[in-house]
Amino acid sequence: MDLEAAGGAAAAAGHGKRWRGESWRATLLLAYQSLGVVYGDVATSPLYVYKSAFAGDDIQHSAGNEEIYGVLSFVFWTLTLITLLKYVLIVLRADDGGEGGTFALYSLICRHVRAGLLPGGGTRDELMEEDKAMGRHGERPVSRVRAVLEKYRVLQRLLLLFALLGTCMVIGDGVLTPAVSVFSAVSGLELSMEKEQHKYIELPVACAILVCLFALQHYGTHKVGFLFAPIVCIWLLCISAIGLYNIIHWDHRVYRALSPYYMYQFLKKTQTGGWMSLGGILLCVTGSEAMYADLGHFSQSSIQIAFISVVYPALVLAYMGQAAFISQHHNFESSYHIGFYVSVPESLRWPVLVIAILAAVVGSQAIITGTFSIIKQCSSLSCFPGVKIVHTSSTVHGQIYIPEINWMLMVLCLAVTIGFRDTKHLANAQGLAVITVMLVTTCLMSLVIVLCWNKSIFLALVFLLFFGTIEVLYFSASLVKFHEGAWVPITLSFIFMVVMCVWHYGTIKKYEFDVQNKVSVNWLLNLGPSLGIVRVRGIGLIHTELMSGIPAIFSHFVTNLPAFHQVLVFLCVKSVPVPHVQPGERFLVGRIGPKEYRLYRVIVRYGYRDVQKDDLEFEKELVSNIAEFIRSIGEYDKNGFVEDTDKPSEKLSPVSTGIPLWEEDGDLNASVSPHKEVDPQNIAPKRKKARFMIPKSAQVDSEVRRELQELMDAREAGMSFILGHSYMKAKSGSSFIKRIVINFFYEFLRKNSRGPAYAANIPHASTLEVGMVYQV
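Remember, it's a predicted structure, so these values are computed and weren't measured experimentally. (Residues numbered from 1 in each chain as written. Predicted model: local features only at pLDDT ≥ 70, side-chain atom pairs only at ≥ 80, totals over all residues. Heavy atoms only, no water.)

## Brief notes about the overall build of the protein chain
Point 1. Helix and strand counts for the protein chain come out as 28 helices and 13 strands.
Point 2. Counting over 776 residues, the protein chain shows a buried share of 57%.
Point 3. Expressed as a percentage of contacts within the protein chain between residues at least 6 apart in sequence, the contacts between residues at least 24 apart total 83%.
Point 4. Working note: accessible area of the protein chain is about 32900 Å², and carbon and sulfur atoms make up 60% of it. (Helix = DSSP H or I, 4+ residues; strand = E, 2+ residues; numbered from the N terminus. Buried < 20%, exposed > 50% of the residue type's maximum accessible area, 1.4 Å probe, protein only. Contact = heavy atoms within 4.5 Å. Areas by Shrake-Rupley, 256 points an atom, 1.4 Å probe, with all protein chains shown as cover.)

## Things to note about the pattern of salt bridges
Point 1. The final tally for this structure, using the stated rule, is seven salt bridges.
Point 2. Notably, a salt bridge pairs E747 with R750, separated by 2.8 Å at the nearest N-O pair. Here the residue E747 and the residue R750 both occupy positions in helix α27 (residues 736–751), the gap between them amounting to three residues, near one helical turn.
Point 3. According to the relative accessible area criterion, E747 is buried, its value standing at 7%.
Point 4. Relative accessible area serves as the criterion here: at 16%, R750 is assigned to the buried category. (Salt bridge = Lys/Arg side-chain N within 4 Å of Asp/Glu carboxyl O.)

## Considering the packing of helix α21 (residues 487–516) against α27
Helix-helix packing is characterised by the crossing angle of the two axes and by the distance between the axes.
Point 1. Closest axis-to-axis distance for the α21/α27 pair is 10 Å, and the angle between their directions is 100°. The pairing of α21 with α27 is recorded here as roughly perpendicular in orientation. Side by side, α21 and α27 meet where V499, V502, W503, Y505, G506, T507 and K510 of the first sit next to K738, V741, I742, F745, Y746, L749 and R750 of the second.
Point 2. When grouped by side-chain class, the residues that make up the contact of α21 with α27 number nine nonpolar, two polar and three charged. (Axes fitted to C-alpha atoms, helices over the stretch in contact; angles between N-to-C directions. Parallel < 35°, antiparallel > 145°, perpendicular 65-115°, else oblique. Nonpolar A, V, L, I, M, F, W, Y, C, P; charged D, E, K, R; others polar.)

## Digging into the environment of P230
Point 1. Mapped onto the fold, P230 is located in helix α11 (residues 221–249).
Point 2. Spatially, the C-alpha atoms of P230 and A359 are 9.8 Å apart, while their sequence positions differ by 129 residues.

## A short note on empty space enclosed by the protein
Point 1. Scanning all chains against the criterion turns up six cavities of 30 Å³ or more.
Point 2. The calculated volume of the largest cavity comes to roughly 230 Å³.
Point 3. In this structure, the largest cavity is lined by 24 residues; those nearest its centre are V170, E289, A290, A293 and I367.
Point 4. Counting residues per element, the ones that place at least two in the lining of the largest cavity are α9 (153–186), α15 (288–293), α17 (349–380) and α19 (423–451).
Point 5. A total of seven residues in the lining of the largest cavity trace back to one element, the largest contributor, which is α17. (1 Å grid on protein atoms, 1.4 Å probe; cavity = no way out; pocket = protein on both sides within 12 Å on 5 of 7 lines; lining within 4 Å. Points joined across faces, edges and corners; volume = space filled by probe spheres on them.)

## Looking at a nonpolar patch on the surface
Point 1. Taken together, the side chains of V148, Y152, V154, L155, L158 and L161 present a nonpolar region at the surface, about 480 Å² in accessible area.
Point 2. Considering the arrangement of structural elements, one finds L155 in helix α9. (Patch = residues over 30% accessible without salt bridge, like charges linked within 9 Å, V, L, I, M, F, W, Y side chains within 5 Å.)

## Quick notes on the environment of T270
Point 1. Within the secondary structure, T270 sits in helix α12 (residues 261–270).
Point 2. We classify T270 as buried; its relative accessible area is 15%.
Point 3. Sequence separation between T270 and E66 is 204 residues; the distance between their C-alpha atoms is 9.4 Å.

## A short note on helix α20 (residues 457–479)
Point 1. Where α20 bends most, the angle comes to about 30°, and this point is G468.
Point 2. Every buried residue of α20 is accounted for by L459, A460, F463, F467, G468, E471, Y474, A477 and S478. (Bend = angle between axes of the 7 residues up to and from the residue.)

## Points about the nonpolar core
Point 1. Formed by 161 residues in total, the largest nonpolar core has its most connected members in Y39, W235, M445 and V448.
Point 2. Those residues within four positions of M445 in sequence are excluded, and the remaining contacts are I90, V91, A94, L105, W453 and F463. (Core = buried A, V, L, I, M, F, W, Y, C linked by side-chain atoms within 4.5 Å.)

## Considerations on unusual backbone geometry
Point 1. For Q271, which is not glycine, the phi dihedral falls at a positive 55°.
Point 2. For Q271, the position within the fold is in the loop between α12 and α13 (272–276).
Point 3. The phi angle at N454 is positive, at roughly 60°, despite the residue not being glycine.
Point 4. Within the secondary structure, N454 sits in the loop between α19 and α20.
Point 5. On the basis of relative accessibility, which here comes to 45%, the residue N454 falls in the partly exposed class.

## Thoughts on the pairing of strand β7 (residues 599–607)
It is a general feature of regular strands that their side chains alternate between the two faces of the sheet.
Point 1. Most of β7 is tucked away, with nine of its nine residues classed as buried.
Point 2. Here β7 shows a buried face lined by L599, R601, I603, R605 and G607 and a second buried face lined by Y600, V602, V604 and Y606.

## Focus: the confidence of the model for the protein chain
Point 1. For the protein chain, mean pLDDT is 75; residues scoring 70 or higher make up 74% of the total.
Point 2. Considering each helix and strand of the protein chain separately, the mean pLDDT is smallest for helix α1 (residues 3–10), with a value of 33, and largest for α20, with 91.
Point 3. Contacts from residues 638–650, a stretch scored under 50 in pLDDT, to residues over four places away or in other chains number 22 contacts. (pLDDT = per-residue confidence, 0-100.)

## Re α12
Point 1. Buried within α12 we find Y262, M263, F266 and T270. What you see down the axis of α12 is that its buried residues fit within an arc of 105°, all on one side.
Point 2. Lining the buried residues of α12 we find α5 (66–88) and α13.
Point 3. Within two residues after α12, Q271 carries a phi angle of roughly 55°, on the positive side. (Arc of directions from axis to C-beta.)

## Digging into the packing of helix α8 (residues 144–151) against α9
Point 1. The geometry of α8 relative to α9 is characterised by a closest axis approach of 5 Å and an angle of 95° between their N-to-C directions. With respect to α9, the axis of α8 lies roughly perpendicular. Residues V148, L149, E150 and K151 of α8 form the contact with α9, whose participating residues are R153, L155, Q156 and L159.
Point 2. Among the residues forming the contact of α8 with α9, the class breakdown is four nonpolar, one polar and three charged.

## Focus on the packing of aromatic side chains
Point 1. Overall, the coordinates contain 13 aromatic pairs when judged by the stated rule.
Point 2. Judged by centre distance (6.0 Å) and plane angle (80°), the ring pair of Y261 and Y262 falls under edge-to-face.
Point 3. Cluster of aromatic residues (ring-pair linked, three or more members): Y69, Y261, Y262 and Y264. (Phe/Tyr/Trp six-rings, centres within 6.5 Å; stacked < 30°, edge-to-face > 60°.)

## Observations concerning the environment of Q328
Point 1. Among the secondary structure elements, Q328 is positioned in the loop between α16 (300–327) and α17.
Point 2. Taking the C-alpha atoms as reference, Q328 lies 8.7 Å from N65; in sequence the two are 263 residues apart.

What follows is the structure in structure tokens.
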């Protein structure tokens, strides 16, 4: 399968381009760094895989070692087929502008198919500029899958629900992985103290480590990142060396268990019990999805090099070494003889215990950060209530911290740890979450092969059936343990799914109300140049979700307020389902009505990985781009009128580089003698005046200069931000379910969530909020 060539086109955009042309030295450095961020989760799986597989009464370890050899064979081939073949060699190539994860796959599909359900973003037409930037000129051949998906709205809704299901399971994994990893690492205390003491120490120690882990999140990954890679490297070196020692010392013929024949023998002997034990064997690939989700921090080649050359061999040696030791020891108590620490030489158990706890913390850190990232993606695309997003690194945008989500994860993680108090139930819960995300990724990936890579549907079906069959087998084994812990991720996912669906539904209804109640341009033209009111100095920014037409809030202002600003800007801030929007494509600027009205429309687009600037920088960039639009449109529009149609792409133009602003210090203290002592406290701060720098080569007429001068004067007079504060209410006669969803659930989420990201950066002294009731 030539999937590499097919995936090359999909990886050509965004900041994924920055990895091209990197030297081997830089690639190897990235590979080393990825060990601490990407592989902490999968590297700690040997702590609990065998113990989870043999937990309960599903299978017993007999003297013939058929069971342990069968489990080793399943672990080896699952790690090889799922993690190595599927994720490392295939799925990693399906990046969305350098980003990975379940929601990135969904946005990648939406960018190639008219299947987007997100307001103001997600369709091919609205992101055609990015296609041109990626060199994909012209229309693609319409496949049957694409035609069917674009035709039926119900399939588009199912696609979105499917992506949200995978997202919810990732959040559930963010709750369960820290609990499983830390609890399994701490369980090594049971071999160093009495059993009664162990009962009272293990749980408090695990909870204390978890509290410290979540309490340190606000410092950011970058401040402790230099510790991550060495810890994981030491851990991998440790488990591989112990594994090699156990193979040589106890059973050097354990390599025979790598044959698939032992899987057949295992299932033949154990039957139903062996099938149920697959839920524990599955945990050997936990962290594979996190590896794909963290793709944005590294390059494909660096992640592949790190896994193939370091992680994969170390894990194989570790699992083989444990199997070799267990195969020669049948005299331990059942609660001890399968665990990881029993295979560690007694003189090394305490150092290994310390390293294991540190490695578990690193692995937990990776999945928590991944949970933050995926919730940010959903929030940016109107699929999750607004949350506070803190960027902990000025250089790596993916390193973020979300306080509300962090403390929620901590409470849930402590709850499941205290509630279960053993790795058996925790592992069952984590296994179902992991395999569900993998199934979602497999299904979405098969669509990517057809729709984005333009491969045959036969190749997509081969991918779907091969990996889907393996994962369905594991999924059934995990689901059957519903009463033994697997209900936790289902319950958590159901709650998060309800929240996401209600928020998305309410957002769609609000957007539809804005579209249906927008004011026509003819109504505006009939008001005349003065708009029927007094125009005062300054710039008025009216925030709206509309990309065309006049929002209804403007008619309320015109009707009820006696004055308005001399320059009005209808500002629409959109989050589009791409990781990054290039600076030259971020601003779309147009004019509403005749030139003398001084009404402009600006659409600002952000990707779900972009960082929005503060109010001062944003204000400068906004005014600069409007000025550049005035200058450029003056060269082509001699009549000074731009038709306002319902197609924003026909009247809005991207502004690649705005007219630069230079600021001069106003000398307010020029009359003060240089020899006279001056009290610093009595000196007022110097005011800065902004001036536009029109390029010398530009041919600008007097009308354009007058318009630029008025814009400059308005900016110096000040800028006011007008925000609409909407209240949603179901129409009379609506169904009972709709009234419950809109009047109670959505309104509850809206009241308890944060506003848009740009609203947080707006100075309160310059903000005016107007309440409106939306009957939907």
